[in-house]
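Breakdown of the fold
Residues per chain, in single letters:
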Amino acid sequence: MAKSSPQPAQLYEPRKQVHNKRIDGPFRRFKWFVMAVTLTIYYGTPWIRWDRGPYAPDQAVLVDLANRRFYMFGIEIWPQEFYFVAGLLIMAGIGLFLVTSAVGRAWCGYACPQTVWTDLFQHVDRFVDGDRNARMRLDAAPWTWGKVLRRGFKWTIYLIIGFWTGGAWIMYFADAPTLVYDFWRGEAAPIAYITVAVLTLTTVTLGGFMREQVCIYMCPWPRIQTAMMDEHSLLVTYKDWRGEPRGSLKKAEKNPDAFGDCIDCMQCVQVCPTGIDIREGPQIGCITCALCIDACDRVMKDIGRPRGLIDYATLEGSKREAAGGEARPAWKELLRMRTLVYLGIWGSIGFALLFALGARSHVDLGVSPDRNPPFMLLSDGSVRNSYTLKLRNMTQAPRDMTLTLEGLEGARFWTDSIPIEDAARSITIRVPADATQTVRAYVAAPVGTSQQDFDFVLSTGGERPESDTNTTRFTAPGE
Ligand code: SF4
Ligand code: SF4
């Protein structure tokens, strides 16, 4: 008989659907808490109102693309102040370094949007189809009308969640109540409908269907995070020196000395949202959500053994414990040099931003001299230079701003709205609230004035006087 040829190696393993089991415990409750807070912030923030007076929007958090402003409660960021946003992004990055070096992928396990929305969709599965076993039975069952109706109901809830997610996103870019009204009347901008459609689709696809595959295969963050951890980072760890060799409770009861504490009940695997077995050691699929700790602690309690067979532990502590010693207390691992340095950098940037925010001026003057022609000779022989000035009023009320020439002896200036006869060394201009006013200024200096630098000084009166100075060049003939 001919020998059958060997099967070719499989290059691709089909995905095994993860049907994670419901679990309760301190980490699960913390996950509930983080989920409630993050979703409330995301969906609720655009509806918070913030009174900024009649000249600015009253939405607390708003990215006003049309007017190029970012509003966040009492703070208004102009385009030229984008460094505040950059500073916040840097703080977020260093904050992630800090958290990762202290407690591993806690961001992934609790607060990452992919985790939060996947968790939400998993609860929908549980609500519609039941817990793990019921879901597995339904998955394996043939397509009947009952299954079609269940699936239709569940996917409708998915779509509603996706739609609300996309809908909430666009409200960060326009006045929320107005946008909702316009949206349902079909009068919102086309980009609003396109954005909601795209985000509905991506939310349902990534959170509802792809789930753990995003974390394991698509997201670069797990790869980067491994570089931030060291032997003192607290990670979810299976204590194999205590658990192995594993064996069923029955076997362990018959021969207690031959087995460790793990009774191979698979509870830790069944509750895992990414479907991995933490007993195989640290792996990229572990998002450090600690649900397996809750599951195993419950098992240990039921069989009367100490909790913590799976627990937060450092590599260093694990080595010590495996050798019969004691791990250092968690607080000592958290407050080590590396985390303190990250905390110091993070705090310094935060203080610097707060200081810059408190000390920033609400007026700004931009000056750009005309280059073509650089100067003109007037009939009386004096020399005229032209400038484009930008007067910025970053407050929520109109302001009188006085422009003054400093230096350039004997020079006067006027604007398009102030005739040459009224030329002076100081001119007051009213600038509307929250606006930039462009002014054409003409500076005339007496005959014989040489080329030199001088200042335009902008100043305001009122209760909180502010000023800005801009040095520019006066060009004269013969040089
Ligand atoms: S839950 Fe605990 S006892 Fe059960 S298999 Fe996992 S590690 Fe072993
Ligand atoms: S192994 Fe444990 S900590 Fe890691 S993802 Fe699964 S349940 Fe969460």
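Residues numbered from 1 in each chain as written. Chains lettered and ligands numbered in written order. Predicted model: local features only at pLDDT ≥ 70, side-chain atom pairs only at ≥ 80, totals over all residues.

**Some details on the site of ligand 1**
Close to ligand 1 lie 15 residues; Cys 262, Cys 265, Gln 267, Cys 268 and Cys 296 are nearest. Listed by contribution, the elements that provide at least two residues to the shell around ligand 1 are α13 (267–270) and α14 (291–302). Element by element, the count of residues in the shell around ligand 1 is highest for α14, at three residues. Per-class residue counts for the shell around ligand 1 are 11 nonpolar, two polar and two charged. (Near = placed C-beta within 6 Å. Helix = DSSP H or I, 4+ residues; strand = E, 2+ residues; numbered from the N terminus. Nonpolar A, V, L, I, M, F, W, Y, C, P; charged D, E, K, R; others polar.)

**Considering the nonpolar core**
Across soluble globular proteins, you tend to see nonpolar side chains buried next to one another. Counting residues in each nonpolar core, the largest one holds 37 residues, and the members touching the most others are Val 236, Cys 268, Leu 291, Cys 292, Ala 295, Cys 296 and Ile 310. Of all elements in the fold, only α2 (83–103), α3 (106–111), β4 (235–238), α14 and β5 (310–313) reach the threshold of two or more residues within this core. The biggest single contributor to this core is α14, with six residues. There are two domains that each give this core at least three residues, and those are domain 1 (26–227) and domain 2 (231–328). If sequence neighbours within four positions are ignored, Leu 291 has contacts with Ile 23, Phe 27, Arg 28, Val 271, Cys 272 and Pro 273. Within the second largest apolar cluster, 20 residues are counted, among which are Leu 389, Leu 405, Ala 441 and Leu 458. (Core = buried A, V, L, I, M, F, W, Y, C linked by C-beta atoms within 7 Å. Buried ≥ 20, exposed ≤ 12 C-beta atoms within 10 Å, placed from the backbone. Domains from an automatic or database assignment. Contact = placed C-beta atoms within 7 Å.)

**Some points on the site of ligand 2**
Of all residues adjacent to ligand 2, which total 14 residues, the nearest are Cys 272, Ile 278, Cys 286, Cys 289 and Cys 292. Tallied by class, the residues present in the shell around ligand 2 amount to 12 nonpolar, two polar and no charged.

**Let's talk about the environment of Asp 277**
With respect to the helices and strands, the residue Asp 277 is situated in the loop between α13 and α14. On a C-alpha basis, the gap between Asp 277 and Gly 162 in space is 30 Å, while along the polypeptide they are 115 residues apart.

**Notes on the sheet that holds strand β1 (residues 61–64)**
What the three strands build is an open sheet, ordered β1-β2-β3; its pairing is antiparallel. The open sheet is flanked by β1 and β3 (75–77), the only strands paired with a single partner. Going across the sheet, the axis of each strand differs from the next one's by a mean of 10°, ignoring polarity. Bridge analysis of strand β2 (residues 69–72) against β3 gives three bridges, and the strand direction is antiparallel. Each residue of the ladder has a partner; that of Met 72, found in β3, is Ile 75. (Pairing = 2+ DSSP bridges. Axes fitted to C-alpha atoms, helices over the stretch in contact; angles between N-to-C directions.)

**With respect to the domain arrangement of the protein chain**
If you check the domain split of the protein chain, you get domain 1 (26–227), domain 2 (231–328) and domain 3 (363–474). Listed per partner, the contact involves 22 residues of domain 1 and 16 residues of domain 2. Those elements that place two or more of their residues in the side of domain 1 that touches domain 2 are α1 (26–44), α2, α3, α4 (113–129) and α9 (212–218). Here the residues of the side of domain 1 that touches domain 2 are counted per class, giving 10 nonpolar, six polar and six charged.

**Comments concerning the UniProt feature "transmembrane region" (unreviewed entry) in the protein chain**
Under the present numbering, the feature "transmembrane region" (unreviewed entry) in UniProt falls on residues 30–48, 82–103, 155–174, 190–209 and 340–359. In this annotation, residues 82–103 is assigned 95% helix and 0% strand; the end-to-end C-alpha distance for the span is 31 Å. Structurally, residues 190–209 is divided into 100% helix and 0% strand, and its ends, taken at the C-alpha atoms, are 28 Å apart. (UniProt positions renumbered as here; feature names shortened; annotations may be inferred.)

**Focus: the sheet that holds strand β14 (residues 467–474)**
In spatial order, the strands read β11-β9-β13-β14; together these four strands make up an open sheet with antiparallel pairing. The strands lining the two open edges of the sheet, one partner per strand, are β11 (426–431) and β14. Each strand axis lies, on average, 25° off the axis of its neighbour in the sheet, ignoring direction.

**Points about unusual backbone geometry**
With an omega of -10°, the peptide bond running from Glu 244 to Pro 245 counts as cis. Looking at where Pro 245 falls in the secondary structure, it is placed in the loop between α11 (240–243) and α12 (249–254). Here the amide bond leading from Asn 372 into Pro 373 is cis, since omega sits at 0°, within 30 degrees of zero. Examined against the element boundaries, Pro 373 turns out to sit in the loop between β6 (363–369) and β7 (376–377). The backbone phi angle of Arg 68 is positive, close to 55°, even though this residue is not glycine. For Arg 68, the position within the fold is in the loop between β1 and β2. With phi around 50°, Leu 408 is a residue other than glycine that occupies positive phi space. Mapped onto the elements, Leu 408 comes out in the loop between β9 (399–406) and β10 (412–415). Take Leu 408: there are 20 C-beta atoms within 10 Å of it, and that puts it in the buried class.

**Some points on the pairing of β14**
Here eight bridges tie strand β13 (residues 452–460) to β14, and the two strands are oriented antiparallel to one another. Looking across to β14, one finds that Asp 455 is bridged to Thr 471. In this structure, the hairpin formed by β13 and β14 is closed by a connection of six residues, where Gly 462 is found at a positive phi of approximately 80°.

**Here's the deal with the packing of α1 against α14**
Close contact between α1 and α14 brings their axes to 7 Å; oriented N to C, the two are set at 145°. Between α1 and α14, the contacting residues are Pro 26, Phe 27 and Arg 28 on the first element and Leu 291, Ile 293 and Asp 294 on the second. Here the residues of the contact of α1 with α14 sort into four nonpolar, no polar and two charged.

**Remarks on the packing of α4 against helix α8 (residues 190–210)**
Running from amino to carboxyl end, α4 crosses α8 at an angle of 75°, the nearest separation of the two axes being 8 Å. Judged by the angle between their axes, α4 and α8 are roughly perpendicular. From α4, Gln 114, Trp 117, Thr 118, Leu 120 and Phe 121 reach across to α8, where they touch Thr 203, Leu 206, Gly 207 and Gly 208. When its residues are assigned to classes, the contact of α4 with α8 shows four nonpolar, five polar and no charged. (Parallel < 35°, antiparallel > 145°, perpendicular 65-115°, else oblique.)

**Considerations on the environment of Thr 314**
By secondary structure assignment, the location of Thr 314 is in the loop between β5 and α15 (315–322). For Thr 314, a count of 24 C-beta atoms within 10 Å corresponds to the buried category. Taking the C-alpha atoms as reference, Thr 314 lies 9.1 Å from Arg 328; in sequence the two are 14 residues apart.

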